[in-house]
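# Reading the structure
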Amino acid sequence: MLVGLVSDTHDDVSAARRAAEVFSRHGVEVVLHLGDVVAPFTLKVFGEAGIRRLYAVYGNNCGERLGLQRLAVQYGYRIEEWPLLVEAGNRRILMLHGVGSQEKTRELVEALAASQRYDVVAYGHTHQVDVRRVGGVLVVNPGEACGCLTGRKTVAILDTETLSVEIVELS
């Protein structure tokens, strides 16, 4: 199964639209948004683009939580506080955003991965692409879809069968 990973869209509607197009073109079956969708109109882009299955966690910049929740229900999506454990392609994927500095987020991710309770720990917040293994656990940050900090607009496609990841540039 192919899983699309996106984070930190920060209301960049064109980036969200491009991410949805990339996921559709690659045959992604489920999309995981790792936080900082920010406003409902950005989440709506995924629904309008035909993304049928989407799980999301709130990020530190998601202010309109009630609106995001209502829209998620409308599209049959799920959005909630992190951590959120989802199963996709017989893999246990732990979703989180992050907290505080990049160092604090990395410490948290390292600890969760070191627990060996998950196949994948997927996170956002740092805006930095990160694909590596901690023991037998795959750690993935797709980077930022908005490109506002790094200048790179990226998403990731996870193959749950091989536990391989492809980073895709949106621009």
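Residues numbered from 1 in each chain as written. Predicted model: local features only at pLDDT ≥ 70, side-chain atom pairs only at ≥ 80, totals over all residues. Heavy atoms only, no water.

### Observations concerning the packing of helix α2 (residues 40–48) against helix α3 (residues 65–75)
- Between α2 and α3, the least distance of the axes is 9 Å, while the angle of their chain directions is 10 degrees. Between α2 and α3, the angle falls in the class roughly parallel. In contact with Pro-40, Leu-43, Lys-44, Gly-47 and Glu-48 of α2, α3 contributes Gly-67, Leu-68, Leu-71, Ala-72 and Tyr-75.
- Class assignment for the residues of the contact of α2 with α3 results in six nonpolar, two polar and two charged. (Axes fitted to C-alpha atoms, helices over the stretch in contact; angles between N-to-C directions. Helix = DSSP H or I, 4+ residues; strand = E, 2+ residues; numbered from the N terminus. Parallel < 35°, antiparallel > 145°, perpendicular 65-115°, else oblique. Contact = heavy atoms within 4.5 Å. Nonpolar A, V, L, I, M, F, W, Y, C, P; charged D, E, K, R; others polar.)

### Some points on the pairing of strand β2 (residues 30–33)
- Where burial is concerned, the two faces of β2 agree: the one with Val-30 and Leu-32 and the one with Val-31 and His-33 are both buried.
- Across four bridges, strand β1 (residues 2–6) lies against β2 in parallel orientation. From the neighbouring strand, Gly-4 faces β2, where its bridge partner is Val-31.
- Alignment of β2 against strand β3 (residues 54–57), held across three bridges, turns out to be parallel. Paired with Leu-32 across the bridge in β3 is Tyr-55.
- In this region the chain leaves β2, passes through α2 and returns to the parallel neighbour β3; the handedness of that crossover is right-handed. (Buried < 20%, exposed > 50% of the residue type's maximum accessible area, 1.4 Å probe, protein only. Pairing = 2+ DSSP bridges. Right-handed = clockwise from strand over helix to strand, strands pointing away.)

In short, geometric facts, not functional conclusions.
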